[in-house]
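Overview (structure and organization)
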Amino acid sequence: MATENKNLSVYDKTIIPSAEHLRFGIVVSEWNHEITEALFKGAREALMDCGAKTENIRRWNVPGSFELTFGCKKMLTTQQVDAVIAIGSVIQGETKHFDFVCSAVAQGIKDLNVHFDTPVIFCVLTDNTLQQAKDRSGGKHGNKGTEAAIAAIQMAVLGT
Ligand SMILES: Nc1c(NC[C@H](O)[C@H](O)[C@H](O)CO)[nH]c(=O)[nH]c1=O
Ligand SMILES: CC(=O)[C@@H](O)COP(=O)(O)O
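Rules used in this analysis
- Sequence order as written defines the numbering, with residues in each chain counted from 1.
- Numbering of ligands from 1 and lettering of chains from A proceed in the order in which they are written.
- Under the rules for a predicted model, residues below a pLDDT of 70 receive no local features and side-chain atom pairs below 80 are neither given nor counted, while totals for whole chains, interfaces and linings still include all residues.
- The side-chain values count all of the structure's non-hydrogen atoms but skip hydrogen atoms and water molecules.
- UniProt positions are given in the numbering used here, feature names are shortened, and annotations may be inferred rather than shown by experiment.
- Put simply, DSSP marks the helices as runs of H or I at least four residues long and the strands as runs of E at least two long, and each gets a number from the N terminus on.
- Radius of gyration: over C-alpha atoms. The globule rule applied is 2.2 Å multiplied by the number of residues raised to the 0.38 power.
- All accessible areas in this document rest on Shrake-Rupley with a 1.4 Å probe, and a residue is counted as covered only by the protein chains that are shown.
- Under the counting rule used here, the positive set is Lys and Arg, the negative set is Asp and Glu, and His together with the chain ends is not counted.
- Lysine's charge is taken at NZ, arginine's at CZ, aspartate's at CG and glutamate's at CD.
- Any two rings among Phe, Tyr and Trp, with Trp reduced to its six-membered ring, count as a pair given centres within 6.5 Å; such a pair is stacked if its planes are under 30 degrees apart, edge-to-face if over 60, and tilted if neither.
- Here, over-ring charges are defined by two tests on the NZ atom of lysine or the CZ atom of arginine: distance to the ring centre within 6 Å, and angle to the ring normal within 35 degrees.
- Only the stretch in contact is used when fitting a helix axis, every axis being a line fitted to C-alpha atoms; angles between N-to-C directions are given from 0 to 180 degrees.
- If an angle is under 35 degrees, it is roughly parallel; if it is over 145, roughly antiparallel; if it lies from 65 to 115, roughly perpendicular; otherwise it is oblique.
- Crossing chirality is assigned from the near helix's rotation relative to the far helix, an anticlockwise turn below a right angle marking it left-handed and a clockwise turn marking it right-handed.
- The contact criterion used is simple: two residues touch if any of their non-hydrogen atoms lie within 4.5 Å.
- If a single non-hydrogen atom of a residue is within 4 Å of a molecule or strand, that residue counts as near it.
- Under this definition, polar contacts are N or O atom pairs within 3.5 Å; protein pairs additionally need one hydrogen-donor-capable and one acceptor-capable atom, and for neighbouring residues in sequence, both atoms have to be side-chain atoms.
- Each residue receives one of three labels: charged for Asp, Glu, Lys and Arg, nonpolar for Ala, Val, Leu, Ile, Met, Phe, Trp, Tyr, Cys and Pro, and polar for the others, Gly being one of them.

As annotated in an unreviewed UniProt entry, the protein chain carries the name 6,7-dimethyl-8-ribityllumazine synthase and comes from Pelagihabitans pacificus. According to the UniProt record, the Pathway (unreviewed entry) comment for the protein chain reads "Cofactor biosynthesis; riboflavin biosynthesis; riboflavin from 2-hydroxy-3-oxobutyl phosphate and 5-amino-6-(D-ribitylamino)uracil: step 1/2." Reading the Sequence similarities (unreviewed entry) entry of the UniProt record for the protein chain gives the comment "Belongs to the DMRL synthase family."

Structure representation (structure tokens):
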């Protein structure tokens, strides 16, 4: 199902576990700051709506989406967190750089989920245009950050 057929911000709070006792790390790319701040806002609001405490949400910034893998690895290995959310916005430019950045960060985040026992949620928009990114970070298709927060809660309690 394409995003255009699913609002990213819709969740049923009655079936989402409480986040009251959970600790979250959120690593935010500064590239396309307008988009990543909107994603972070959506994620933070959803986490708190599900009971998370402000003091249990730790945010770090990294320069771009390529650095999300290292930032999340450092978060995992130095902080006591139950889940990490990687937030980025990659927008197609004139060259193939988009393809390399998107592939690198997707593979990097996947590798962290393989090698570590704490879930890392992929909240990286990979859009053809700025408008597509706006539509998915609080626009007509909802907010990917909200979706990522719910996934983070669900994965943090998986198997417990
Ligand atoms: N073009 C975008 C980038 N590029 C920067 C890289 O992510 C990286 O920071 C740089 O290559 C230095 O290692 N990053 C994004 O997050 N979004 C883009 O659209
Ligand atoms: C994803 C990118 O790195 C890209 O936005 C950079 O733009 P360009 O391909 O025009 O150098």
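Having seen the structure, we can now continue with the description.
Okay, the overall build of the protein chain next. Summing up its helical and strand segments, the protein chain has five helices and six strands in all. Moving toward the C terminus, one meets the helices and strands of the protein chain in the order β-α-β-α-β-α-β-α-β-β-α. Computed over the C-alpha atoms, the radius of gyration of the protein chain is 15 Å, within 12% of the 15 Å expected from 2.2 N^0.38 for a compact globule of 160 residues. Principal axes of the C-alpha set define a box for the protein chain whose edges measure 45 × 35 × 25 Å. Summed over its atoms, the accessible surface of the protein chain is roughly 8,400 Å², and 52% of this surface lies on carbon and sulfur atoms. Of the charged side chains in the protein chain, 16 are positive and 18 negative; the average position of the first set lies 2 Å away from that of the second.

Our focus in this paragraph is the packing of aromatic side chains. The relation between two aromatic rings is expressed through the spacing of the ring centres and the mutual angle of the planes. Enumeration according to the criterion identifies zero aromatic pairs in this entry. The aromatic ring of phenylalanine 40 is capped on one face by arginine 59, whose charged end is 4.5 Å from the ring centroid.

Another point: the packing of helix H1 (residues 33-49) against helix H5 (residues 144-156). Between H1 and H5, whose axes approach to 7 Å, the crossing angle comes to 40°. Looking at the two axes, H1 sits oblique to H5. Both H1 and H5 take part in a crossing whose hand is right-handed. Residues Leu39, Gly42, Ala43, Ala46 and Leu47 of H1 touch H5, and the partners they reach there are Lys144, Gly145, Thr146, Ala149, Ile150 and Ile153.

By nearness alone, every residue bordering ligand 1 is listed as Ser29, Trp31, Asn32, Gly64, Ser65, Phe66, Glu67, Ser89, Val90, Ile91 and His97. The contact in question runs from an oxygen atom of ligand 1 to an N or O atom on the side chain of serine 29, over 3.4 Å. Here a nitrogen atom of ligand 1 and a backbone polar atom of serine 89 are 2.8 Å apart. When residues of the shell around ligand 1 are assigned to their parent elements, the largest contribution, three residues, is made by strand E3 (residues 83-91). Class assignment for the residues of the shell around ligand 1 results in four nonpolar, six polar and one charged.

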